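For reference, the chains in residue letters:
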Amino acid sequence: MTFIFDAAVTKRQFDVSFTLSDGETLAVLGPNGAGKSTLLNLISGLLSPDSGHAELDGETLFAAGPGRQRAWKPPHTRGVSLLAQEALLFPHLTVLDNVAFGPTSTGVTKKSARAAARTWLAEVDAGELEGRKPAQLSGGQAQRIAVARALAADPKLLLLDEPMAALDIAVAPALRRTLRRVLEHRTAIIVTHDILDAYTLADRVIVIDHGHIVEDGPTRSILEQPRDPFTADIAGLNVLSGIRTATGLRTTDGTELDTARPLVSITSATECTAAVRPANVRVSTRRPDASVNALFKAVTDLEPRGDLIRVRADGIAADATPADVADLDLGIGTSAWFTFSADDAVIYPTKR
Amino acid sequence: MKASQQYAGIPKWVLAIAIIGALFVMLPLVAMVVRVNWAEFIPLITSQSSIDALLLSLRTSSIATLLCIIVGVPMALVLARTSFPGQRILRSLVLLPLVLPPVVGGIALLYTFGRQGLLKAPMDFLGIQIAFSTTAVILAQTFVALPFLVLSLEGALRTVGTRYEAIGATLGAGPTTVLRRITLPLVLPALISGAVLSFARALGEFGATLTFAGSLQGVTRTLPLEIYLQRETDPDAAVALSLVLIAVAIIVVGLANQIGSNSRLYGERIS
């Protein structure tokens, strides 16, 4: 274990603990205000916890709270670099001096700091920009240089706070490829809203909600078999929880659902979750026949997504065409049948 | 310069009042320029007492500005970057010389550093006498000029924010390195314009200087004091010297504006 983290901030109702092994990249997902920024600020030393303890490579970052010897390592001695949503390149320094900032601060000569900076600029394909000032860069270029700057400081742990969020959709893929290359075998924590970042960059995912971890596990298993509604939502899935029956699942509110046969058989009455893609859910105002799963729910939200509209109701969502939404005269508050076939519903035990 | 006119929407009466205000400021300058005895101008401003006063003013104002920077930068940093109980009161007190009549400031300084002042014992022990010396001139100027630097720098520090400093810290730079390589370069335009304002205020200082330092030619008689004194005996000399002071002030304000517009080079990114 190279990184151990356990901290609570009472005022923000934040209480999170996890460990990270050497070379592991962790994605932190969660809704706005869930405590992701608090987490990064605690690790980088911009915020101190009410109680808890964190260790990086055997060195204590902080310790506080009852029964603990109070300890606090200032940010610049932690070996933790932060890459923020905005590049925040120092406007008065050239690109090269920005990247050389970390090495120079640790006391190496200007010449070798610049040599290191050039290596990292080449690593992010930005070598030709070294003489420019930050004001002369595009958003994507600036963020790539910020990546180089963070890495040039040779951090033991790299924190990334939604590094792609402020970028144009057109330039995000290039930066994602760069990150994928440089994050390999590097201990890093990436806070993101984007499931693609989690899939391409992270070995493991934790999901934070209301200041607490609600999911923790390997990226694919968390995102393909989500247990809680927030994870399901960002993974683009509906989840219905209940207990195992002979042919499927009985939901907590008593609806019987048929599901596809599980990969591994699940004993009856076990707590289970069924997942179904919104694309496979149909909305209709007429009562469907008994051969499909059907839930009668009031529409709570209509959200345009590309050329489809996601029709949300309590516990389930469906993707419908704008024409269907118009024909059915769906509005917020309209009750409708949400139907899906057994083959489209995947069932798995709720406990991992 | 003006390629296209943008709709400004200023009522005509606002414009009229603005013009009256501008005239109010500019007419006295014109009146003085008109009154200058140009034939005698050079001899008037190059008399021994005039040159003594001008050189003394420039020397003391420069040192006072330097003192303002040395103590003002840490003060602005503490006011902008920390929070502690009583901070608001402290800020008001620090900025007090801005609104205090300079004569009152001079009296206050006299009762601090004067022969019978608050610091009498330590100063006697060290054998220092300050009142009615060039040092007193510098102290009086620093006292009245300091708030200008602190105020302008504190505002700039708040505008720049702490995000760049936080990034610098996570890149391994200690607080002093962050201050030297990030904070100060980012607020440099405000620091320079604050220093220029302080210099201008120090140069024009009259009341506190007269009260605390007196008026001794070549020692404490700065240019404003010399002008006031000459007005009694030789009005032509007073007017000529006033024009010199105005010229210096205009150069200083122009310099401050120049720096202010240069600061917009990367100002947009900061805010």
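Residues numbered from 1 in each chain as written. Chains lettered and ligands numbered in written order. Predicted model: local features only at pLDDT ≥ 70, side-chain atom pairs only at ≥ 80, totals over all residues.

## A short note on the overall build of chain B
Put simply, the rule is: Each helix is a run of H or I in the DSSP string that is no shorter than four residues. Each strand is a run of E no shorter than two, and both are numbered from the N terminus. As a rule, residues whose C-beta atom has 12 or fewer other C-beta atoms within 10 Å are exposed, those with 20 or more are buried, and those in between are partly exposed; C-beta atoms are placed from the backbone.
The secondary structure content of chain B amounts to 13 helices and zero strands. Helices (α) and strands (β) of chain B occur, in sequence order from the N terminus, as α-α-α-α-α-α-α-α-α-α-α-α-α. Taking the principal axes of its C-alpha atoms as reference, chain B extends roughly 65 × 65 × 30 Å. Taking all 271 residues of chain B together, 36% fall into the buried category.

## Digging into the sheet that holds strand E20 (residues 335–340) of chain A
All names here are of chain A. Selection rule: Any two strands are treated as partners once DSSP identifies two or more bridges connecting them. Convention adopted: a line fitted to C-alpha atoms gives each axis, helices being fitted over their contacting stretch, and angles between N-to-C directions are expressed from 0 to 180 degrees.
A sheet is described by the order of its strands in space; here five strands give the open sequence E16-E20-E17-E18-E19, paired in antiparallel fashion. Strand pairing shows two members of the sheet lacking a second neighbour, strand E16 (282–284) and strand E19 (316–320), which therefore form its edges. For this sheet, the mean inter-axis angle between neighbouring strands, taken without regard to orientation, is 45 degrees. As judged from the six bridges shared by strand E17 (residues 293–305) and strand E18 (residues 308–313), these two strands associate in the antiparallel manner. Within E18, the position partnered with Arg305 by the bridge is Leu308.

## Focus: the environment of A:Gly236
Residues and elements named next belong to chain A. Using the following cut-off: Whether two residues are in contact is decided by their C-beta atoms, placed from the backbone, lying within 7 Å.
By secondary structure assignment, the location of Gly236 is in the loop between helix H8 (229–234) and strand E12 (238–244). Overall, the presence of 16 C-beta atoms within 10 Å leaves Gly236 in the partly exposed class. As a C-alpha pair, Gly236 and Ala326 span 90 residues in sequence and 23 Å in three-dimensional space. Every residue in contact with Gly236, bar those within four places of it in the chain, is listed here: Arg277 and Pro278.

## Looking at the pairing of strand E3 (residues 25–29) of chain A
Residues and elements named next belong to chain A. A large share of E3 lies buried, amounting to five of its five residues. Residues Thr25, Ala27 and Leu29 point to one face of E3 and Leu26 and Val28 to the other, with burial holding for every one of them. Two elements, E3 and strand E9 (residues 188–191), share four bridges in a ladder whose sense is parallel. Bridge pairing links Ala27 to Ile190 in E9. Here four bridges tie E3 to strand E10 (residues 204–209), and the two strands are oriented parallel to one another. Each bridged residue has a counterpart across the sheet, and for Ala27 the counterpart in E10 is Val205.

## Observations concerning the sheet that holds E10(A)
Residue and element names in this part refer to chain A. Within the open sheet, the six strands sit side by side as E7-E8-E9-E3-E10-E11. Their pairing is mixed. Each edge of the open sheet is held by one strand with a lone partner, namely strand E7 (80–83) and strand E11 (212–218). Between one strand axis and the next, the sheet turns by 20 degrees as a mean value, whatever way the strands run. Sheet topology places strand E8 (residues 157–161) next to E9; four bridges connect them, and they run parallel.

## Comments concerning the domain arrangement of chain A
Rules: All the domain ranges listed were derived from an automatic or database domain assignment.
Each domain of chain A was delimited in the assignment, giving domain 1 (3–224) and domain 2 (236–349). Spacing between the C-alpha centres of domain 1 of chain A and domain 2 of chain A amounts to 38 Å.

## Comments concerning helix H5 (residues 102–113) of chain B
Residue and element names in this part refer to chain B. Our working rule: By this rule the span expected of a helix is its residue count minus one, scaled by 1.5 Å. Comment: arc refers to directions from the helix axis out to C-beta atoms.
Between its first and last C-alpha atoms H5 spans 16 Å; for 12 residues at 1.5 Å apiece the expected length is 16 Å, and the two agree. Considered for burial, the residues of H5 that qualify are Pro102, Gly105, Gly106, Leu109, Leu110 and Phe113. Buried positions in H5, seen along its axis, are confined to an arc of 140 degrees and lie on one side of it. On its buried face, H5 sits against helix H7 (134–160) and helix H10 (207–213).

## Overview of the interface of chain A and chain B
We apply this condition: Three classes are used: nonpolar for Ala, Val, Leu, Ile, Met, Phe, Trp, Tyr, Cys and Pro, charged for Asp, Glu, Lys and Arg, and polar for all others, with Gly counted as polar.
Counting from both sides, the interface comprises 20 residues of chain A and, opposite them, 17 residues of chain B. Residues belonging to the side of chain A that touches chain B are distributed by class as follows: 12 nonpolar, seven polar and one charged.

## Here's the deal with unusual backbone geometry
All names here are of chain A. Although it is not a glycine, Leu88 adopts a positive phi angle of roughly 50 degrees. Along the chain, Leu88 turns up in the loop between E7 and helix H2 (95–105). Unlike most non-glycine residues, His185 shows phi in positive territory, near 60 degrees. For His185, the position within the fold is in the loop between helix H5 (172–183) and E9. By C-beta crowding, His185 is classed as exposed, having 10 other C-beta atoms within 10 Å.

## Quick look at helix H1 (residues 36–44) of chain A
All names here are of chain A. Burial of H1 is extensive: seven of the nine residues sit out of reach of the surface. Among the residues of H1, Lys36, Thr38, Leu39, Leu40, Leu42, Ile43 and Ser44 are the ones counted as buried. Immediately downstream of H1, the backbone of Gly45 shows phi near 95 degrees, a positive value.

## A look at the packing of H7(B) against helix H9 (residues 175–204) of chain B
Residue and element names in this part refer to chain B. Stated formally: Any angle that falls under 35 degrees is termed roughly parallel, while one over 145 is termed roughly antiparallel, one within 65 to 115 roughly perpendicular, and all others oblique. Take the far helix as your reference; a near helix turned counterclockwise from it by less than a right angle gives a left-handed crossing, and one turned clockwise gives a right-handed crossing.
Axis separation between H7 and H9 bottoms out at 8 Å; the angle between their running directions is 160 degrees. Viewed along their axes, H7 and H9 adopt a mutual orientation that is roughly antiparallel. The interaxial crossing formed by H7 with H9 has right-handed handedness. Contact with H7, carried on its side by Gln141, Val144, Ala145, Phe148, Leu149, Ser152, Leu153, Ala156, Leu157 and Val160, involves Leu186, Val187, Ala190, Leu191, Ser193, Gly194, Ala195, Leu197, Ser198, Arg201 and Ala202 of H9 and no other residues of that element. A breakdown of the residues in the contact of H7 with H9 according to their chemical character gives 15 nonpolar, five polar and one charged.

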